[in-house]
Amino acid sequence: METSSVNQHDVFIHFSLEEFRYSFASHLSAAFSRSSISVFVAEDTSGAAVTSNTDFQLPDATQSAIEGTKFIVVVFSKKDAFSPLFLETLVKFLERRKDGLVVVIPVFYGDVTLSMIEQKMESFGEAFSNHLQGRWRNGLIEAANLRGHKSSDQRNDSELVDEIVADVREKLYPTGTIGFYSRFLGIENLLRKQSHDIYRLGVWGTPGVGKTTIAQTAFNLMSQDFEAHCFLEDFHVNFQEKGLYKLREEHFIEKLKRTTVLIVLDDVRNPMEAESFLGGYDCFGLASLIIIISRDKQILYQCQVQGFFEVTSLNKKEGLQLFNQFAFPEKEPSDSNLVEVSKKVVEYANGNRAALCSYGRALKERAKPEEMEVEFEKIKRHPPQEIMDVFKSSYDTLTDHERNIFLDIACFFKDEKLDYILRILEGCGFFPHVGVDRLVDRSLLMISENKKVKMHNLIQDVGREIAKTENSHIARMWEPSSIKPLLEDDEPKETEFIEGIFLDTTNINVFVNPNVFENMYNLRLLKIYSSSSEPSQELYLPKGLESLPYELKLLHWEYYPLQSLPQDFDPSHLVEINLPYSQLQYLWTGTKSLAKLKIINLSHSQKLVEVDELSRACSLKEIVLKGCTTLERTPRIDQLKNLELLDLSCCTRIKRTELIEMIKPLDTGGLREIESGSMVFST
């Protein structure tokens with residue numbers, strides 16, 4: 001392994017377990033070298049010289065390295081067998097640390113604990129004097145109690161190495177930008193792939209995550225390596241205000257042709273603006289670097305970038321550090337309750353720089369934990385204007401369909417399964433397969449590995465605030481305190497504008513006006529449910545229910561209390577009916593169109609007798625009638641060519657033999673019983 005001169009170097013990598021020399025220590029040394037940080041790796045401990053049981057002499061190379069080092073990274077592991085050389089070297093570094101000459105950074109590799117480290121000292125027995133043993137033991141305990149890095153906090157060694165290198169770089173070359181170097185490493189890795197040609201790098205991420213901050217700091221660090229450089233903040237706004245020719249003239253773009261340049265365009269919203277400003281992407285000198293920052297990944301594709309760098313959110317440690325800078329500028333809080341509230345704020349902000357700064361400023365004067373908590377709850381309900389502005393600018397670029405998708409997810413569908421959301425919103429005519437992808441590209445949504453739609457807390461708050469304030473009337477309702485009086489009012493006002501109602505009935509009693517839905521012509525989504533695992537809702541219909549809206553696409557009503565749905569209800573637009581634990585005996589009388597219905601769940605409706613109407617629902621994919629113990633017959637399903645699931649488990653009055661016979665026409669490449677006797681059939 002190559003190391004730098006022992007006289008002067010930046011980092012000393014110290015470890016006791018010899019097998020680290022060609023594994024972890026080797027990877028760490030190489031990573032430091034890639035970042036132009038000089039390294040000295042600890043010598044083989046087997047070659048140490050012991051002059052007596054009361055004295056220990058370090059090798060000359062190690063002693064020289066100690067005197068010339070600025071940082072020591074000391075690695076502790078469960079398998080350590082501490083040698084005298086390891087311990088004496090560590091103590092020497094700690095002595096220099098007291099004089100401010102070196103920074104000691106411990107790394108806890110694997111599941112090693114402080115007690116394990118202390119126990120290792122017992123193996124020395126009487127081989128060395130009490131003086132040496134006490135000195136070494138105190139040194140071990142001191143080093144192990146310093147703030148450092150844990151491999152258990154990272155997914156793999158590579159992430160641990162990156163974190164350690166970033167920590168040292170920030171201490172060695174401080175930028176003042178929290179979390180910069182751990183992200184700059186990703187930029188460096190992309191730039192290493194750069195040939196001598198002009199390289200275009202796209203920087204992308206959630207609004208407020210710190211794209212401009214990271215790019216500006218990187219620009220400051222790299223600009224000296226180029227013949228010319230310029231950073232254009234708020235490029236789109238400047239382009240619109242000043243125009244192409246004035247902007248190019250201000251930054252001498254014409255004179256930079258064939259020059260090796262570093263150019264950063266911040267907040268690009270139109271690829272044509274970027275290209276026309278630059279005069280084309282290929283007119284600069286070899287080895288030039290053009291960095292284009294955008295919230296929209298599609299913009300970067302259209303700018304023909306050769307590499308994508310996504311700016312990630314701050315981790316909890318970084319987030320707390322940034323929040324404390326603004327909330328407690330004089331001194332970090334010592335009150336444990338105040339620290340806990342601060343951690344809640346950081347958890348909620350989820351690493352968003354803009355939010356952490358904004359929340360820190362807003363909570364700066366709150367010295368008591370209870371005051372801070374109350375104020376923070378207010379902020380969550382009504383986001384500060386600066387946070388609204390950060391996200392609203394992304395919202396304003398959306399099409400009408402994309403806005404509807406965004407608001408529906410923010411108000412109703414966060415954390416739901418992607419296929420469920422696509423199904424419902426497709427029924428609403430919003431073209432969600434395209435729209436959801438565009439929202440992901442704009443960093444307003446994320447799709448998890450298990451195909452659930454995720455949305456940042458801040459973005460949801462902003463979305464809900466927009467839903468409340470964008471128009472003079474309310475279209476989406478989710479707060480029980482607002483929905484309850486609406487359902488009980490004999491003459492509710494402006495109900496014709498309402499498009500969605502999601503009511504959590506936990507711990508509330510509602511006496512519903514039978515005509516409450518009469519004027520809700522635009523109601524698309526109706527969900528009445530309880531978030532509690534125990535049935536606690538009390539929603540009464542003492543006078544029945546006269547109507548349901550014609551435009552309904554989703555009808556989800558847990559514990560529906562009536563024997564049937566309103567007779568004049570037209571379900572022809574319904575995509576999903578979800579009425580578990582209902583009092584239904586039948587859906588309705590007569591023939592109704594169910595051409596768009598894809599899912600129906602009437603599980604545990606123990607008074608349900610028949611559902612013959614479903615035989616005409618030609619688009620049905622799932623029928624769930626589990627636990628309908630009084631169900632006497634199933635719908636004819638031989639014409640339901642799209643059916644993928646039929647659940648009749650625990651339907652005790654249904655004869656399995658007759659059901660098997662009925663399913664036979666769909667058996668070829670279609671429905672089959674997943675387990676003999678289960679009465680659950682799936683494709």
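In this text the structure is predicted, and so the values were computed from the model without any measurement.

Turning our eyes to something else, we now look at the sheet that holds strand β16 (residues 500-504). Pairing within the open sheet is mixed, and its 10 strands lie in the order β15-β16-β18-β20-β21-β22-β23-β24-β26-β25. Each of the sheet's edge strands pairs with one partner strand only, and the pair in question is β15 (476-477) and β25 (672-673). Pairing analysis gives 3 bridges linking strand β24 (residues 645-647) to strand β26 (residues 680-682), with the strands arranged antiparallel. Paired with D647 across the bridge in β26 is V680. Relative to the sheet, helix α22 (residues 480-488) contacts β15 and β16, its axis offset from that of β16 by approximately 105°.

So, about the pattern of salt bridges. It is possible for side chains of opposite charge to pair when their charged atoms get near one another. For the structure shown, the criterion picks out 38 salt bridges. Residue K242 is joined to E250 by a salt bridge in which the shortest nitrogen-to-oxygen separation is 3.1 Å. By relative accessible area, which is 34% here, E250 ends up partly exposed. Among the charged side chains, a network of salt bridges with common partners joins D296, E402, R438, D441 and R442.

With that out of the way, let us pick up the layout of surface pockets. Space inside the largest pocket adds up to approximately 1500 Å³. In this structure, the largest pocket is lined by 45 residues; those nearest its centre are H149, E163, N315, K317 and E318. Only β6 (103-109), β7 (149-150), α6 (157-172), α7 (180-191), β12 (307-310), α13 (316-327) and α14 (336-349) provide two or more residues apiece to the lining of the largest pocket. Taken together, the residues of the lining of the largest pocket break down into 14 nonpolar, 16 polar and 15 charged. Volume-wise, the second largest pocket comes out at about 720 Å³. Only α14 and β13 (446-447) provide two or more residues apiece to the lining of the second largest pocket. Split by residue class, the lining of the second largest pocket holds 11 nonpolar, 9 polar and 5 charged.

Moving on: empty space enclosed by the protein. Taken as a whole and assessed by the stated rule, the structure comprises 1 cavity of 30 Å³ or more. Counted as a void, the largest cavity has a volume near 50 Å³. Every residue lining the largest cavity is counted, 10 residues in all, and those nearest its centre are H14, A42, E43, L85 and T89. By residue class, the composition of the lining of the largest cavity is 5 nonpolar, 4 polar and 1 charged.

A few words now on the environment of R442. For R442, the position within the fold is in the loop between α20 (432-441) and β13. You can call R442 buried: its relative accessible area is 10%. Expressed as a C-alpha distance, the spacing of R442 and F511, which sit 69 residues apart in the sequence, is 43 Å. With near-sequence residues (within four places) excluded, R442 lies in contact with P207, R295, D296, T397, L398 and E402. At 3.4 Å, the side chain of R442 and the side chain of T397 are in polar contact.

So, on to the packing of α13 against α14. It is at 9 Å that the axes of α13 and α14 come closest, and there the two elements cross at 115°. Considering their axes alone, α13 and α14 lie roughly perpendicular with respect to each other. For the pair α13 and α14, the sense of crossing is right-handed. Side by side, α13 and α14 meet where K316, G319, L320 and F323 of the first sit next to S342, K343, V345, V346 and E347 of the second. Its residues assigned to classes, the contact of α13 with α14 comprises 4 nonpolar, 2 polar and 3 charged.

It is worth spelling out the packing of α13 against helix α15 (residues 353-362) at this point. α15 packs onto α13 with a crossing angle of 35° between their chain directions and a minimal axis gap of 7 Å. When the axes of α13 and α15 are compared, the crossing they make is right-handed. Contacts between α13 and α15 involve G319, L322, F323, F326 and A327 on the former and, on the latter, R353, L356, C357, Y359, G360 and R361. Of the residues contributing to the contact of α13 with α15, the split by class is 7 nonpolar, 2 polar and 2 charged.

With that settled, consider the pairing of strand β1 (residues 9-15). Counting buried positions along β1 yields 7 of 7 residues, so the element is predominantly enclosed. In this sheet, strand β5 (residues 69-77) lies alongside β1 in parallel orientation, the contact comprising 6 bridges. Residue pairing across strands places F15 opposite V75, the latter belonging to β5. One ladder, built from 3 bridges, connects β1 with strand β2 (residues 39-41); its direction is parallel. Residue V11 lies in a different strand from β2, and its bridge partner there is V39.

A word on the packing of aromatic side chains. Counting across every chain of the model gives 24 aromatic pairs. With centroids separated by 6.3 Å and ring planes inclined at 80°, the aromatic side chains of F323 and F328 adopt a geometry described as edge-to-face. Pair check on accessibility: F323 and F328 agree, each one buried. Aromatic pair Y395 and F406: ring centres 5.7 Å apart, planes at 50°, arrangement tilted. Separated by 11 residues along the polypeptide, Y395 in helix α17 (residues 385-395) and F406 in helix α18 (residues 400-413) bring together distant segments of the chain.

Next up on the list: the nonpolar core. Note on soluble globular proteins: their nonpolar side chains tend to be buried together. Of all hydrophobic cores here, the largest spans 59 residues; its most connected members are F517, L526, W557, L602, I623 and L625. Those elements that place two or more of their residues in this core are α22, β16, β18 (525-529), β20 (554-557) and α23 (656-663). Of all hydrophobic cores here, the second largest spans 58 residues; its members include A355, L418, M455 and F502.

Reading the values: rules and limits
- Residues numbered from 1 in each chain as written.
- Predicted model: local features only at pLDDT ≥ 70, side-chain atom pairs only at ≥ 80, totals over all residues.
- Heavy atoms only, no water.
- Pairing = 2+ DSSP bridges.
- Helix = DSSP H or I, 4+ residues; strand = E, 2+ residues; numbered from the N terminus.
- Contact = heavy atoms within 4.5 Å.
- Axes fitted to C-alpha atoms, helices over the stretch in contact; angles between N-to-C directions.
- Salt bridge = Lys/Arg side-chain N within 4 Å of Asp/Glu carboxyl O.
- Buried < 20%, exposed > 50% of the residue type's maximum accessible area, 1.4 Å probe, protein only.
- 1 Å grid on protein atoms, 1.4 Å probe; cavity = no way out; pocket = protein on both sides within 12 Å on 5 of 7 lines; lining within 4 Å.
- Points joined across faces, edges and corners; volume = space filled by probe spheres on them.
- Nonpolar A, V, L, I, M, F, W, Y, C, P; charged D, E, K, R; others polar.
- Polar contact = N/O pair within 3.5 Å; in protein donor to acceptor, adjacent residues only side chain to side chain.
- Parallel < 35°, antiparallel > 145°, perpendicular 65-115°, else oblique.
- Left-handed = near helix turned anticlockwise from the far one by under 90°.
- Phe/Tyr/Trp six-rings, centres within 6.5 Å; stacked < 30°, edge-to-face > 60°.
- Core = buried A, V, L, I, M, F, W, Y, C linked by side-chain atoms within 4.5 Å.

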